[in-house]
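# Descriptive analysis of the structure
Here are the chains, one letter per residue:
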Amino acid sequence: QVRLVESGGGSVQAGGSLRLSCSASGRTVTMGWFRQAPGKEREFVASIVWNGSTNIADSVKGRFTISGDNAKLTVYLQMNSLVPEDTSVYYCAAALGSPTATGYHYWGQGTQVTVSS
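What comes next concerns the included structure. (Residues numbered from 1 in each chain as written. Predicted model: local features only at pLDDT ≥ 70, side-chain atom pairs only at ≥ 80, totals over all residues. Heavy atoms only, no water.)

### Observations concerning the overall build of the protein
Helix and strand counts for the protein come out as one helix and eleven strands. When the elements of the protein are put in sequence order from the N terminus, they spell out β-β-β-β-β-β-β-β-β-α-β-β. Against the 2.2 N^0.38 benchmark of 13 Å for 117 residues, the protein shows a C-alpha radius of gyration of 13 Å, consistent with a compact globule. Projected onto the principal axes, the alpha-carbon positions of the protein cover approximately 40 × 30 × 25 Å. Across the 117 residues that make up the protein, the buried fraction comes to 43%. (Helix = DSSP H or I, 4+ residues; strand = E, 2+ residues; numbered from the N terminus. Rg over C-alpha atoms; globule rule 2.2 N^0.38 Å. Buried < 20%, exposed > 50% of the residue type's maximum accessible area, 1.4 Å probe, protein only.)

The structure is reproduced here in structure tokens:
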């Protein structure tokens, strides 16, 4: 079993930036970021495969960047130009293969991001 721990959330004003981190206790194939705001469904944000391939949601493209450090088993989500609509709990997830085929196997507890106007 892989345990995931997120960090880096907080409160910022619109236009600000945050960097989220997710550390895994074991090796994975794909890691992703999701978010869920009150009253809304969980939303895909970004993912990274350890071969370097990345995907990012259109809603955050151009503002968010995902990256990883394979040696540290850690992924990062750099969030720039934040807007109040980005306010959510952000969750890290990991898959042992392709999440399209298998879904994500492990989930972190989430970290709160609040963007004020």
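Read on, since the account is not over.
### Observations concerning the packing of aromatic side chains
If you walk through the whole model with that rule in mind, you get four aromatic pairs. Taking the centre distance of 5.6 Å and the plane angle of 75 degrees together, the rings of Phe34 and Phe44 count as edge-to-face. Here the residue Phe34 occupies a position in strand 4 (residues 30-36), and Phe44 occupies one in strand 5 (residues 43-49), the gap between them amounting to ten residues. Judged by relative accessible area, which is 9%, Phe34 ranks as buried. Taken together, the ring pairs connect Phe34, Phe44, Tyr104 and Trp107 into an aromatic cluster. Over the aromatic face of Phe34 sits the side chain of Arg42, whose NZ or CZ is 5.7 Å from the ring centroid. (Phe/Tyr/Trp six-rings, centres within 6.5 Å; stacked < 30°, edge-to-face > 60°. Lys NZ or Arg CZ within 6 Å of the ring centre and 35° of its normal.)

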